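# Examination of the molecular architecture
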Amino acid sequence: MSLPDPEITIHQAEWRERRGRLVPALAILLVAGVFMGAWVGLFAFMGANPPAKAYDWVEETLLPETNPGGIPQFPNLSRLSTLFSADGVQLAELSLRGSLPVSIEAIPEHVSGAILAAEDGDFYSHRGADFESTLRAAVATVRGTSIQGGSTITQQVVRNLGIVGREKTVQRKIAEIAWAAEMERKYSKDAILEFYLNSVYFGWNAYGIRAAGLEYFGKELSALSVGEAAALATIIRNPSLYDPRDTTPNERGQIGQRLVEERRVSVLGEMVELGLITEGEAEAAAAIPLSATVIPHQNFPEPAELVRISAVGSLLNDPKFDAVLGTTPEDRLVAIFGCPADDVDCELESRLKGGLKITTTVDFEFQQRANEILRSWLPVSPGGAAAPTGAISTIENATGAIRVMAGGLDFGDDIEAGQRDYNLATEGQRQPGSSAKPFALAAYLEQGGSLNSYWNISSPLVIECDVPCGPNGGLEWTVRGGRAAGGLRSLEASTYFSTNPTFAQIAVEVGPEAMAEMANRLGVSAELPLVYSLALGAGEVSPLDMSAAYSTFANYGVKHDPYLIERIEDEEGNVLFEAVPTGERVLDEALAAVIVNTMEKVVSVPGATGNRANIGRPQAGKTGTNQSFRDAWFVGYVPQYSTAVWVGYADAQIPMTNITINGEFFNRVFGGSVPAPIWAEFMSEFLADVPVEDFPPLPEGTSKFYVTPSSDVPDLLSDPLLTQKEAEQRVYFAHLRPVVELVPSLEPMGTILSQSPEAGARLSHNGEVFIEISNGEPPTIPLPNLIGLTRTEANLRMAEIAAETEILVALVPEFVVSDEASWGRIISTLPPPGTEVGADDTVIIVIGRAPDDG
């Protein structure tokens, strides 16, 4: 007696016994191929050999070498990951498939019966394979008349789980039958049918009978009619061909909806034979056309679809989830969405396979409220006409947690209906206008600049550059937005009054690379163009970018990267990931503090651009307006939160001019006119229960940012052709203030006669440079009082004056009889004393004489 093979287990022995029962049945079946040639060859083999040899051939050639362990557990179709808001609201179930699993007990008999009638009427009586049906289907296939697959529901499950391949061969068919028999020993009929009904594909991304009912008829299973259930049953065989919505002929002239209606009649007939319905019910159901009951495809609404899209994008792409979700796209898809129903290998692997609870940072209440405020200010235009919309992004300063990411519009791809398939708050790329000025300010202060520096604010201002800086690559850049009469303004005041000429000069001073680097360092993720106009809002950023960067200012230079995923838990509640915010100092504390101090004045100083954002608590911010009024911004913050508000047209660059918004007419929309009050309305509600805090006191080291710089007095005299305007601009560009006096001169009008202080002297910014300029009129002097002087004395007096003024006035005597006291002395002058006289003028001096004088 031989010893048992130690490698043979009890399960393998049992399997061999079962194979012994299967082989005779399979050999007698004589059906395994689908192609005609396979059948003819098999029949010829069986006719030429005795049954015992046939049995051996079937066992050795066709039966798979496997064991019961190869039967997998059914994938958990309910293992969906769920997405929650920070305040506990379920936002979405994450699945790549439209699958809504339901228990077998919840499926009405006429619904499951319709599927059985169409696919496997003997399901509850066979043992996995229906030999008679398979043989009938095989013979029909040979004859070219078959419309049936011949596979039982159990066989379909075996095939769909990937236990056997899908090639049409004799061996694959026999293996499928063998596995189906084994599956029915492992699982109950109800378990197999439940899995089948919940996993089979019905087209239009609907997996499972419940999803199909909602997809095609907009009904739960209990509400489906007999005719509708029968129509769904017809789809399984070929969802692309049997499409209840398809009313267009294909290349063969077939119309999907008509094919479904035709096959539905057969299904209803099978249901009558199975005793599920009466003939009258079948006729009544067949009489109702599908066109009367099938609904168009629709996207089912979610509470916050755009949040879900952003969350999934973060989960799939952010490297910080590598340790939890895997490093490859495939790993992450499975970890988040679970295994596909037909991927057995995936189900057997030891790794995350869906079922996660994912908590976001979003505050659902205020996410909804932000959208409501945006829509109340900026409603979708009736009829789909273009209308401005908006976006709001809010970040918690202490952590970087994204609390609000409202895009204003519904999710979808119907632009005319006011829907977008992206989130304007996180993905909308728009020019920030003057809200980018603080980045240039920070770069300038970091290079040693001062808020108490003074700058030329003439408008238009022509700036000459050493490198191309103009819009067409020229060396001149013309900037507007200052004062037509010219003047100086401090950098601090230029910030809260949003003075373009000042920041254009700052841009040339620091260079585009420094400004772009500063913006990115503070939190702007977008790649910015290296142009001088960055200081005035060139480049494109998202509201999330701006709220993140301004949050760094609010933190006095500490940056927290914005994040959306707060926590990930598995099905048992084990925390797999939890955000641990860590700040990074990216800007000097004192420098950031003085910027905050300056931006507070944007809101608080009367006449500053952000007055309409004032909510009566410590706050700071900056307005922004695209130069063509296509984008308008207010980005502001309190110590705890930073919020960006953008307003504009979502899908076109349309100027917001001559427009009525929220009942108010605007010739031009500025950041301070619409975004600022939207910011105030939203933040007043958002901060209602947030304690009022002040920004920290200014730290040590801030005084250097308020020192008034000095500069050299420019030379105004060496160029004889220098005009008054050019001289004034030369002084303004030297950060000094020209004080012009027009004086009479023999020089041509406009000639610069003198300057004080002289060229090269040092003056503090905003210091005065006095300039005398010829008014083109001859110089004059007031005629001195010559009365009582002798003629000689008068000539000496006028000679002294001429030596001082270079104005020599001729004195012409005229003698008149007078009293003795006036003899030889001037009695009067013409013109009288005090009259302005010049070098070309003649003054008559009247001199007294004795009566007898000739």
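These notes cover the structure that comes with them. (Residues numbered from 1 in each chain as written. Predicted model: local features only at pLDDT ≥ 70, side-chain atom pairs only at ≥ 80, totals over all residues. Heavy atoms only, no water.)

## Quick notes on the overall build of the protein
Across its full length, the protein holds 26 helices and 32 strands. Buried positions account for 51% of the 854 residues belonging to the protein. Within the protein, contacts between residues separated by at least 24 positions form 69% of all contacts whose residues are at least 6 apart in sequence. Within the structure as shown, the protein displays about 38,700 Å² of accessible surface, and the carbon and sulfur contribution to it stands at 51%. (Helix = DSSP H or I, 4+ residues; strand = E, 2+ residues; numbered from the N terminus. Buried < 20%, exposed > 50% of the residue type's maximum accessible area, 1.4 Å probe, protein only. Contact = heavy atoms within 4.5 Å. Areas by Shrake-Rupley, 256 points an atom, 1.4 Å probe, with all protein chains shown as cover.)

## Some points on helix H20 (residues 500–510)
Among the eleven residues in H20, eight count as buried, and that is most of the element. Every buried residue of H20 is listed here: Pro501, Thr502, Phe503, Ala504, Gln505, Ile506, Ala507 and Val510. Backbone geometry just downstream of H20 places glycine 511 in the positive-phi region, at approximately 90°.

## Observations concerning the sheet that holds strand S30 (residues 826–830)
With respect to topology, three strands assemble into an open sheet ordered S29-S32-S30, the strand pairing being mixed. Both outer strands of the open sheet, strand S29 (810–817) and S30, are each paired with one neighbouring strand and no more. Pairs of neighbouring strands in the sheet enclose a mean axial angle of 25°, with direction left out of account. Strand direction decides the pairing type here: S30 and strand S32 (residues 842–849), joined by four bridges, are antiparallel. Along S32, the bridge assignment pairs isoleucine 826 with isoleucine 847. (Pairing = 2+ DSSP bridges. Axes fitted to C-alpha atoms, helices over the stretch in contact; angles between N-to-C directions.)

## A few points about unusual backbone geometry
In the segment running from serine 459 into proline 460, the intervening peptide bond is cis, with an omega of -5°. Along the chain, proline 460 turns up in the loop between strand S10 (454–456) and strand S11 (461–464). Residue serine 756 is joined to proline 757 through a cis peptide bond whose omega torsion reads 0°. Relative to the assigned elements, proline 757 resides in the loop between strand S25 (752–756) and strand S26 (762–764). Even without glycine at this site, asparagine 658 takes up a positive phi of about 50°. Tracing the chain through its elements places asparagine 658 in strand S21 (residues 657–661). By relative accessible area, which is 55% here, asparagine 658 ends up exposed. The phi dihedral of histidine 735 falls on the positive side, at around 70°, and the residue is not glycine. Tracing the backbone shows histidine 735 in the loop between helix H25 (724–733) and strand S24 (737–743). Given the relative accessible area of 15%, histidine 735 is considered buried.

This is a description of form; function is not addressed.
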